[in-house]
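Secondary and tertiary structure notes
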Amino acid sequence: MTTVTTRTVEYPADGLTMIGHLAFPAGVDRRPAVLIGPEGPGLNDFQRCRADALAELGYVALAFDLHGGRWFTDPKEMLERVTPLLADPDRMRGIGHAALDVLRAEPRTDPDRIAAIGYGTGGAIVLELGRDGVNLRAIGTVNALTTGRPGEAARIRCPVWAGVGSEDPIMPAEQRDAFAAEMQAAGVDWRLVVYGGALHAFHHPPVDQTVLPGVGYHPQHAQRAWRDIVDLLAECLPVTCQSQDRVP
């Protein structure tokens, strides 16, 4: 089993002090790296464990923060923070770039070999990094079929994979169609996987708090979506060192 080490990192973004989670594989050599964006309520142990799992695969991984170390338990309060953020591509890009700068500055990161994945709001942020022309090897999102400003998707320089639940009322069929049309018109190498019967945030285990209507866990599709993301990384950002031991 690969030995993983972790470190908390603080950095400024969006007028806040963000608190991210860095995870490293064994060794001292440079590795490909993955930026991980969390869902709307914020960064929690679920996404920290995602970073740890990617470190076990041989990646340097940074799970970034959205709300200055806060996890929202009240959906109304969360939407008051997230809704204007999602309507402001420049703010989203600022949050994404600040985290990306932290990941690039890490000595073990190969700065030319970075991918970004994200869930919900975090997925929207990594898509905006792509639309901003950032040199990424891959973008993977779950429940984040946002569209950008006209023409900017043409600046995406890597394959884009997106997953969504068929019964997700927050990302309905019309939004799926708009996202697909944007990617296709821009000439992006894109894929969209629709997981039958799944709701919004189907990837996230149940939490002991009030959630938005239309949110629900689907354990089988959660595992499938994770495997699809790992496959995306294996295709676009392979780890070639001998310490790649296992898939979690």
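Everything that follows concerns the structure shown earlier in this document.
What counts and what doesn't
Residues numbered from 1 in each chain as written. Predicted model: local features only at pLDDT ≥ 70, side-chain atom pairs only at ≥ 80, totals over all residues. Heavy atoms only, no water. Helix = DSSP H or I, 4+ residues; strand = E, 2+ residues; numbered from the N terminus. Rg over C-alpha atoms; globule rule 2.2 N^0.38 Å. Buried < 20%, exposed > 50% of the residue type's maximum accessible area, 1.4 Å probe, protein only. Core = buried A, V, L, I, M, F, W, Y, C linked by side-chain atoms within 4.5 Å. Contact = heavy atoms within 4.5 Å. Pairing = 2+ DSSP bridges. Axes fitted to C-alpha atoms, helices over the stretch in contact; angles between N-to-C directions. Polar contact = N/O pair within 3.5 Å; in protein donor to acceptor, adjacent residues only side chain to side chain. Parallel < 35°, antiparallel > 145°, perpendicular 65-115°, else oblique. Salt bridge = Lys/Arg side-chain N within 4 Å of Asp/Glu carboxyl O.

In terms of helices and strands, the protein carries six helices and eight strands. In terms of C-alpha radius of gyration, the protein reaches 17 Å, essentially the compact-globule figure of 18 Å for 248 residues. In terms of its C-alpha atoms, the protein occupies a principal-axis envelope of roughly 45 × 40 × 35 Å. By residue count, 54% of the 248 residues in the protein fall in the buried class.

Looking at soluble globular proteins, one finds that nonpolar side chains tend to be buried together. Residues Y11, L35 and F64 are the most contacted members of the largest nonpolar core, which totals 41 residues. Apart from residues no more than four positions distant in its own chain, L35 is found in contact with L62, F64, G96, A99, L100, L103, A115, A116, I117 and L129.

Spatially, eight strands are ordered β1-β2-β4-β3-β5-β6-β7-β8 in an open sheet, and the strand pairing comes out mixed. Of all strands in the sheet, those bounded by a partner on one side alone are β1 (5–13) and β8 (190–195). Direction aside, neighbouring strands of the sheet carry axes that sit 20 degrees apart on average. Taken together, the four bridges between strand β3 (residues 31–37) and strand β4 (residues 60–63) define a ladder with parallel strand orientation. Considered in β4, the bridge of V34 is made with A61. Helix α1 (residues 45–56) rests against β1, β2 (16–24), β3, β4 and β5 (109–119) of the sheet, and its axis sits at about 35 degrees to β2.

For the rest of this paragraph, the subject is the pairing of β8. Residues in a regular strand point their side chains to alternate faces of the sheet. Sheet analysis places strand β7 (residues 160–165) next to β8, joined by six bridges and oriented parallel. Looking across to β8, one finds that V164 is bridged to V194.

A few words on helix α4 (residues 121–131). With 11 of its 11 residues buried, α4 lies for the most part within the structure. Along α4, the residues classified as buried are T121, G122, G123, A124, I125, V126, L127, E128, L129, G130 and R131. Of the residues one or two after α4, G133 is the one with positive phi, at around 85 degrees.

A few words now on unusual backbone geometry. Unusually for a residue other than glycine, N143 sits at a positive phi of about 60 degrees. A positive phi angle, near 55 degrees, is found at A201, a position not held by glycine. Its relative accessible area of 14% is what places A201 among the buried residues.

Glancing now at the side chain of R108. When you line up the elements, R108 lands in the loop between α3 (89–105) and β5. Take R108: its relative accessible area is 10%, and that puts it in the buried class. Reaching out from R108, the side chain makes a polar contact with the backbone oxygen of A26 at a distance of 3.3 Å. What R108 contacts, discounting residues up to four positions off in sequence, is F24, P25, A26, G27, V28, D29, R30, R31 and V60.

Note that I36 resides in strand β3. Along the sequence, I36 and I117 sit 81 residues apart, while their C-alpha atoms lie 5.0 Å from each other. Ignoring anything within four residues of it in the chain, the contact list for I36 reads Q47, R50, A51, L54, A61, L62, A63, F64 and I117.

It is worth spelling out the packing of helix α2 (residues 75–86) against α3 at this point. In contact at an axis separation of 6 Å, α2 and α3 are set at 100 degrees when each is read in the N-to-C sense. Compared by their axis directions, α2 and α3 come out roughly perpendicular. Across the interface between the two elements, R81, P84, L85 and L86 of α2 pack against R91, M92 and I95 of α3.

What follows covers the pattern of salt bridges. Should the charged atoms of two oppositely charged side chains come close, the side chains can pair. Within the structure shown, the criterion is met by 17 salt bridges. With its nearest N and O atoms 2.9 Å apart, the salt bridge here joins D29 to R31. For D29, a relative accessible area of 33% puts it in the partly exposed group. The salt bridge partner of E128 is R131, with a shortest N-O separation of 2.9 Å. Taken as a pair, E128 and R131 lie in helix α4 at a separation of three residues, close to a single helical turn. Taking the relative accessible area as the measure of exposure, E128 reaches 2% and is therefore buried. Through salt bridges with shared partners, a single ionic network connects D90, R93, E128, R131, D132, R149, E152, R155 and E182.

So, to be careful, I would describe these as geometric facts and stop short of saying anything about function.
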